[in-house]
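Analysis of the macromolecular model
This is what each chain is made of:
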Amino acid sequence: MVSKLNSTSKKILEEANNGKIFLLDGATGTFLQENGLEPGGSPELMNIEKPDVIQKMADTYFASGSDIVLTNTFGGNYFRMKHYGLENQVIEINKQSAQIAKSVSKKYKDKYVFGSIGPTGEFIEPLGNVTESEMYDALLEQMKGLYEGGVDGFMIETQIATEETLMAIKVARENFDILVFASMVYDKGPRGFFTMFGLEPEKSLDLLYETGADVVGTNCGNGSEKMIEISEIFRKSTDKPLLVQANAGIPSIKKNSIIYPETPEDMAKNYKRLIDLKINFLGGCCGCSTNHISSFSEIIRSHNECISG
């Protein structure tokens, strides 16, 4: 088992524990749709066919203030790639996406790239038809591609299935020496916040940290106000590093367009509260544009300048 983090991972964690807030990027899907991704197309295939767009996305977010940019590999696993006939190109696609973003990061100082690992779309037996070993191998294959491409960490994101999330953390911890972030989606019901499979935020923190995640948090599914509620629950339960990436509100459809209601100014006000809650890693999810990231960057930069003296 790989137990030690490399020097870059140690540096990021140490700075976070000393109060620095890291800003991640915004919505990948929104950016790609605005730059040539056709309905029903594979976002990950753009790493091969339109690398200039992927390079532009990384550069735009870094220039807007992001400290960490995610690879364009949210659905870059065997099961999802099989839908497009790309299951034999998993390592190539993930490696290419990582290399593109890393090449851009080198233009800047202290900028990092994390490998995006979304849900596989399958469930482990007996709930689904995939065995534990098949799930392990699929996750390992994607991570190999990302690692070979030079990512500084893994972002296991938008997770709903507890078993798959724990498996992904295990795979990362057993085989690689970089940071492991794990982020789940919560819905609010009459009894509070839960994942789709009934896991409470407090319980998820315990499970994910115990399994080996370095940073735990939540992304997607909620606008910034509800993310404050979840963050308050998190902070009552742990003083370890936390991650939050809110949607720009809950979308509506107007004239065949998806509209997200939260403006950069709206979200920045709520992100100030997340800063007060000492959320160490902040970013934007669905609907968050480069304008949102620029707005977040201003308040985060102000915070970081204060703590550095």
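Read on for a plain summary of the structure. Bear in mind the structure is a predicted one, so any value in this text is a computation, not a measurement.

Considering the pattern of salt bridges
Under the definition given, this model contains 7 salt bridges. Note that E15 and K11 form a salt bridge whose closest N and O atoms lie 3.1 Å from each other. A residue pair is termed a helical-turn pair when its members lie 3 or 4 positions apart in one helix, as E15 and K11 do in helix α1 (residues 7–17) at 4 residues. Looking at E15, the relative accessible area reads 23%, which means it is partly exposed. We note a salt bridge from D110 to K11, for which the minimum N-O separation is 3.6 Å. Linking D110 in the loop between α6 (90–105) and β3 (112–117) with K11 in helix α1, this pair joins segments that are 99 residues apart in sequence. Judged by relative accessible area, K11 falls into the partly exposed class, the value being 30%.

What about the packing of aromatic side chains?
Per the stated rule, a full pass over the model turns up 11 aromatic pairs. Measuring from ring centre to ring centre gives 6.2 Å for F31 and Y61, while their planes differ by 45°; the resulting arrangement is tilted. With F31 in helix α2 (residues 28–33) and Y61 in helix α4 (residues 51–64), this pair connects stretches of sequence that are 30 residues apart. An angle of 40° between the planes, with centres 5.6 Å apart, marks the rings of F62 and Y108 as tilted. Placement of F62 in helix α4 and of Y108 in the loop between α6 and β3 is noted, with a sequence separation of 46 residues between them. Three or more aromatic residues joined by ring pairs form one cluster here, namely F22, F114, F181 and F281. When the ring centre of Y108 is taken as reference, the NZ or CZ atom of K111 above it lies at 6.0 Å. Directly above the ring of Y209 sits K240, whose terminal nitrogen or CZ lies 4.8 Å from the centroid.

A look at unusual backbone geometry
Between E125 and the following residue, P126, the backbone shows a cis peptide bond with an omega angle of 5°. Not every positive phi belongs to a glycine, and T158 is a case in point at roughly 55°. As for its position among the elements, T158 is in strand β4 (residues 153–159). We classify T158 as buried; its relative accessible area is 14%. A positive phi angle is found at K278, which is not glycine, with a value near 60°. Looking at where K278 falls in the secondary structure, it is placed in the loop between α11 (264–276) and β12 (281–284). Look at K278 and you get exposed, because its relative accessible area is 61%.

What about the pairing of strand β5 (residues 179–184)?
Taking burial as the measure, the 6 residues of β5 include 6 buried ones, the bulk of the element. Neither face of β5 is open: one carries L179, F181 and S183, the other V180, A182 and M184, and all of them are buried. When β4 meets β5, the two strands line up parallel, connected through 5 bridges. Counterpart to M155 in the pairing with β5 is F181. Since β4 and β5 lie parallel, the crossover through helix α8 (residues 162–175) that links them has a hand, and here it is right-handed.

Thresholds, definitions, all that
Residues numbered from 1 in each chain as written. Predicted model: local features only at pLDDT ≥ 70, side-chain atom pairs only at ≥ 80, totals over all residues. Heavy atoms only, no water. Salt bridge = Lys/Arg side-chain N within 4 Å of Asp/Glu carboxyl O. Helix = DSSP H or I, 4+ residues; strand = E, 2+ residues; numbered from the N terminus. Buried < 20%, exposed > 50% of the residue type's maximum accessible area, 1.4 Å probe, protein only. Phe/Tyr/Trp six-rings, centres within 6.5 Å; stacked < 30°, edge-to-face > 60°. Lys NZ or Arg CZ within 6 Å of the ring centre and 35° of its normal. Pairing = 2+ DSSP bridges. Right-handed = clockwise from strand over helix to strand, strands pointing away.

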